[in-house]
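# Close look at the chain arrangement
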Amino acid sequence: MAWVSPLVWPFLRVLAVFTTAPVFSSRAFPTRAKIALAFFVALGTQASLPSMPVIGFNDPQAFGVALQQVGIGLAIGFVVRLVFAAVELAGEVVGFQMGLNFAAFFDPTLNAQSSAVARFFGQMTSLLFVVMNGHLMVLVAVNRSFQSFPVDQNFLEALGQMKLYRLGADLFASALWIALPMVGMLMFTNLALGIISRVAPQMNIFAVGFPITLVVGLVGIAVTLPMLDQPFIALMGRAIEVFGGN
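The structure displayed is predicted, hence computed values, not measured ones. (Residues numbered from 1 in each chain as written. Predicted model: local features only at pLDDT ≥ 70, side-chain atom pairs only at ≥ 80, totals over all residues. Heavy atoms only, no water.)

Looking now at the confidence of the model for the protein. Taken over all residues, the pLDDT of the protein has a mean of 81, while the share at 70 or more is 93%. The lowest-confidence element of the protein is strand S1 (residues 104-107), averaging 68 in pLDDT; the highest-confidence one is helix H2 (residues 31-44), averaging 88. (pLDDT = per-residue confidence, 0-100. Helix = DSSP H or I, 4+ residues; strand = E, 2+ residues; numbered from the N terminus.)

Moving on to the environment of tryptophan 3. Relative to the helices and strands, tryptophan 3 resides in the segment before helix H1 (5-20). Note on tryptophan 3: relative accessible area 81%, which makes it exposed. Expressed as a C-alpha distance, the spacing of tryptophan 3 and valine 54, which sit 51 residues apart in the sequence, is 8.7 Å. (Buried < 20%, exposed > 50% of the residue type's maximum accessible area, 1.4 Å probe, protein only.)

For the rest of this paragraph, the subject is the packing of aromatic side chains. One pass over the structure, following the stated rule, counts six aromatic pairs. Between phenylalanine 24 and phenylalanine 129, the ring centres sit 6.4 Å apart and the planes meet at 90 degrees, which makes this aromatic pair edge-to-face. Of this pair, phenylalanine 24 sits in the loop between H1 and H2 while phenylalanine 129 sits in helix H4 (residues 116-131), placing them 105 residues apart in sequence. Ring geometry for phenylalanine 84 versus phenylalanine 232: centroids 6.4 Å apart, planes at 85 degrees, classification edge-to-face. Remark: phenylalanine 232 occurs in helix H9 (residues 229-241) and phenylalanine 84 occurs in helix H3 (residues 62-98); sequence separation between them is 148 residues. When its relative accessible area of 2% is taken as the criterion, phenylalanine 232 is described as buried. (Phe/Tyr/Trp six-rings, centres within 6.5 Å; stacked < 30°, edge-to-face > 60°.)

Take the nonpolar core next. The biggest cluster of nonpolar side chains holds 59 residues, and the ones touching the most others in it are Phe129, Val138, Met162 and Phe243. Looking at this core element by element, the count peaks at 15 residues for H3. Dropping the residues within four chain positions of it, phenylalanine 243 is found in contact with Ala75, Ile76, Val79, Ala141, Arg144, Ser145, Ser148, Phe149 and Met162. (Core = buried A, V, L, I, M, F, W, Y, C linked by side-chain atoms within 4.5 Å. Contact = heavy atoms within 4.5 Å.)

With phi around 70 degrees, valine 23 is a residue other than glycine that occupies positive phi space. Relative to the helices and strands, valine 23 is located in the loop between H1 and H2. Notably, asparagine 133 is not glycine yet its phi reads approximately 60 degrees, a positive angle. With respect to the element layout, asparagine 133 can be found in the loop between H4 and helix H5 (134-148). Residue class for asparagine 133 comes out partly exposed when judged on its relative accessible area of 38%.

Here it is in structure tokens:
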């Protein structure tokens, strides 16, 4: 058990992260590959992990330790998923202002309806996650979490230290900041259309307004999309800090 125990508990935590974190939890990623990758990550990080207590599988505290590893791993994946959800929320707000929320379809990854703009923002976030080494940031967070939350039975204490509710509030507030430039452009456009409808009542504002707001929204997305990397990195850094990473 002195050989097996330091490997099994990190393996459970990493596997829980791969179960919930975006990109890692994709259905295109085979389950056997997730298990094998989690094992190799747990094996490769042995040199940098702090010393762990030897806990056998038949010990009374084994169930509590396994519950803690799975819970912390799920929390790490959930926090990364919150970052993606924040950007997708910004896309939902922009799509609502553009009038494209009716262009919704079923998203099998979320098992829910998702608008076209929100899905586009989600795909761009996944691309940034891979290109800007977000997967390596997640693995660093898993490694640092063993120092902030060592292997023991105090799962509720670790959950209280994370304060995920505050992080969720910060992330969704950041989503509104991401969508704010495009929302401001579309609100100014709607204000201008309202003035035009009052000046020229004979103009069919419903027939003219939708193409104009659509074009303005697409131009706003094209202009602000290259600047999405900075808020994404800031949100990822804020999420990783919860588990001791920087």
